[in-house]
2 protein chains.
Amino acid sequence: MSEPLPSWNDGPTREAMLAFVESVSDESDPGYVPPVERVAVFDNDGTLWCEKPMPIELGFILARLAQMAEQDEALRGRQPWKAAYERDDAWLGGVVTKHYHGDDSDVKVLIGGIVQAFAGTTVEEYATSAHAFLSENDHPTLGRRLADCGYRPMVELLRHLEANGFACYIVSGGDRDFMRPVTSEIYGVPSERVVGSSSALRYREDENGGSVVYEAAMDFFDDGPIKPVRIWSRIGRRPILACGNSNGDMQMLRYAGGPRPALRLLVSHDDADREFAYTAGAEHALESADAEGWTVISVKNDWSGVFADVTA
Amino acid sequence: MSEPLPSWNDGPTREAMLAFVESVSDESDPGYVPPVERVAVFDNDGTLWCEKPMPIELGFILARLAQMAEQDEALRGRQPWKAAYERDDAWLGGVVTKHYHGDDSDVKVLIGGIVQAFAGTTVEEYATSAHAFLSENDHPTLGRRLADCGYRPMVELLRHLEANGFACYIVSGGDRDFMRPVTSEIYGVPSERVVGSSSALRYREDENGGSVVYEAAMDFFDDGPIKPVRIWSRIGRRPILACGNSNGDMQMLRYAGGPRPALRLLVSHDDADREFAYTAGAEHALESADAEGWTVISVKNDWSGVFADVTA
């Protein structure tokens, strides 16, 4: 078998991951965990793929909102259509930053637009549209397709975990159904293992077995304390490995393991040359890492390559 | 390999199941379906296990409500504690029958009690309690443990489907977390493949990684048109096989397949000698079966044995 985690530099982070996986997989080890209990959960934006200069999903939503504003002049004076139509990146960037600082007023305005943007759409139509957006559009600065913005070292970690009996789930604040059409090809994670935010859904009868369609309302926003709740709802087990990168992942990281050992990983974006360097929205998580016993992954120091299609 | 479905009598029902599984598994067949899309969904009460003389979960809830009424005299005059304390089976049986006929007034009263019965309980405490109830108590008339009330022919069908690449899910109106502690041992279905109703959940921080606890409110009732919605939320695929037994399964049966072929199965309880004979709550489903193209499973004619521990 080839050496696991080839895009990870030798050092304490890589060693901690290898040692944990070896411990839980070894029946003679006191840390042994039966395969059925080896559940690992990963945030998506900023953990499995790039979230700068803005979350990838936001680009998808803005394209749809701009399209709506083109078709309906009355929407051009209202947020969030106004910002989408005028490509007002300042307003939009502020939404995420304010959210990370606990101010969700603009998030609510944006969500108000999002839920109207796709109301009445079937889940299949939305999936086709999301897949096309991610496959056909490039990242604004990185010179690669959006679907190629997954982090290669993280994909290797997913594979190494699976090879050792783990079931890996994505538990993201992003929209569940936006990710699902590409998680198999990018991460090897199937749709039933994708947990995320969602609009409310409704079953609409028709002569072809009916369809599931989106309603003009959020069902839940899978962030912060909602992450452990959604993990239980979907999986019915407490994970033994969790990995995130922001303040919204802190409860998920704490929940992993509970009374027993767990590996909790926090990605630190400190590499402006190969990706982006930022701490906004992750300050509390980074400050707490030492005291909480979380292992910090430095993009700069721990990863020999960053993106999936980098062969260097 | 031994012959599949040994507890099924030869006949059109068994043949339809074997033919469908063979068709979707055979790459040279026009009905071939790739393994990742072979999703099968099963109702639980009355489909995978016995639901008479009352749903098994109801016994669990009543025991808890009676215990609450014993500890608090004021509850003894209020429904549903009154019925639980006085063992008023008439009131209780009426709840389910009325629900099947579209009258949910008593269901709401009962749910009002249920959500209070477990508010503040952690999901682990509840799981321990449900597991003990099902393992330690006998069915009121069948002379077997509640955990032995699963239908052997259905367990064989689950195994046959899995052996042919299917992922089998339970999609029940019953409480998701009540079933999960026993679905692995009874059906071989793990907790992440159990979809059902649920109380609202909350993450409660503590020094051991926090806990997920129940709130005094329902989150959703997984029945009728909610079943397709929950199937999408949890699985992200449209099933190609669905099996139910009551009016509350009709939308799930219709949803299976959609524009492409699917096997839709409806269990008809027509065997008073070995189990129970009843149509209450299933009238519309049974009447619609022919026109909808659903295959009716007759307990009396199609099953050579009924329960998992019957060796005759």
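Residues numbered from 1 in each chain as written. Chains lettered and ligands numbered in written order. Predicted model: local features only at pLDDT ≥ 70, side-chain atom pairs only at ≥ 80, totals over all residues. Heavy atoms only, no water.

Tell me about the overall build of chain A, and name the residues and values.
Along its length, chain A carries twelve helices and seven strands. Computed over its C-alpha atoms, the radius of gyration of chain A comes to 20 Å, within 12% of the 20 Å expected for a compact globule of 312 residues. Considering only C-alpha atoms, chain A reaches an extent of 65 × 50 × 35 Å along its principal axes. Buried positions account for 57% of the 312 residues belonging to chain A. By sequence separation, contacts in chain A at least 24 residues apart represent 66% of the contacts at least 6 residues apart. Approximately 12500 Å² of chain A is accessible, and the part contributed by carbon and sulfur atoms is 49%. For chain A, the centre of its 29 positive side-chain charges and the centre of its 50 negative side-chain charges are spaced 3 Å apart. (Helix = DSSP H or I, 4+ residues; strand = E, 2+ residues; numbered from the N terminus. Rg over C-alpha atoms; globule rule 2.2 N^0.38 Å. Buried < 20%, exposed > 50% of the residue type's maximum accessible area, 1.4 Å probe, protein only. Contact = heavy atoms within 4.5 Å. Areas by Shrake-Rupley, 256 points an atom, 1.4 Å probe, with all protein chains shown as cover. Lys, Arg positive; Asp, Glu negative; His and termini not counted. Charge placed at Lys NZ, Arg CZ, Asp CG, Glu CD.)

Outline empty space enclosed by the protein, supporting the account with residue identities and numerical values.
Residues and elements named next belong to chain A. Tallying each qualifying case throughout the model produces three cavities of 30 Å³ or more. Size it by volume and the largest cavity reaches roughly 650 Å³. Along the walls of the largest cavity sit 33 residues, with Glu57, Gly173, Gly174, Asp175 and Phe221 positioned nearest its centre. A class-by-class count of the residues in the lining of the largest cavity yields 15 nonpolar, ten polar and eight charged. (1 Å grid on protein atoms, 1.4 Å probe; cavity = no way out; pocket = protein on both sides within 12 Å on 5 of 7 lines; lining within 4 Å. Points joined across faces, edges and corners; volume = space filled by probe spheres on them. Nonpolar A, V, L, I, M, F, W, Y, C, P; charged D, E, K, R; others polar.)

Can you explain the pairing of strand S6 (residues 263–268) of chain B? Please cite residues and give values.
All names here are of chain B. A large share of S6 lies buried, amounting to six of its six residues. Of the two faces of S6, the one lined by Leu263, Leu265 and Val267 and the one lined by Arg264, Leu266 and Ser268 are each fully buried. Relative to S6, strand S5 (residues 241–244) is paired through four bridges, and the arrangement is parallel. Following the sheet pairing, Leu241 is matched in S6 by Leu263. As for the winding sense of the linkage, the β-α-β connection from S5 through helix H10 (residues 250–255) to S6 is right-handed. Taken together, the four bridges between S6 and strand S7 (residues 295–298) define a ladder with parallel strand orientation. Residue Leu265 lies in a different strand from S7, and its bridge partner there is Thr295. Once the chain exits S6 it traverses helix H11 (residues 283–292) before rejoining the sheet at S7, and the crossover so formed is right-handed. (Pairing = 2+ DSSP bridges. Right-handed = clockwise from strand over helix to strand, strands pointing away.)

Coordinates in, geometry out; function isn't part of it.
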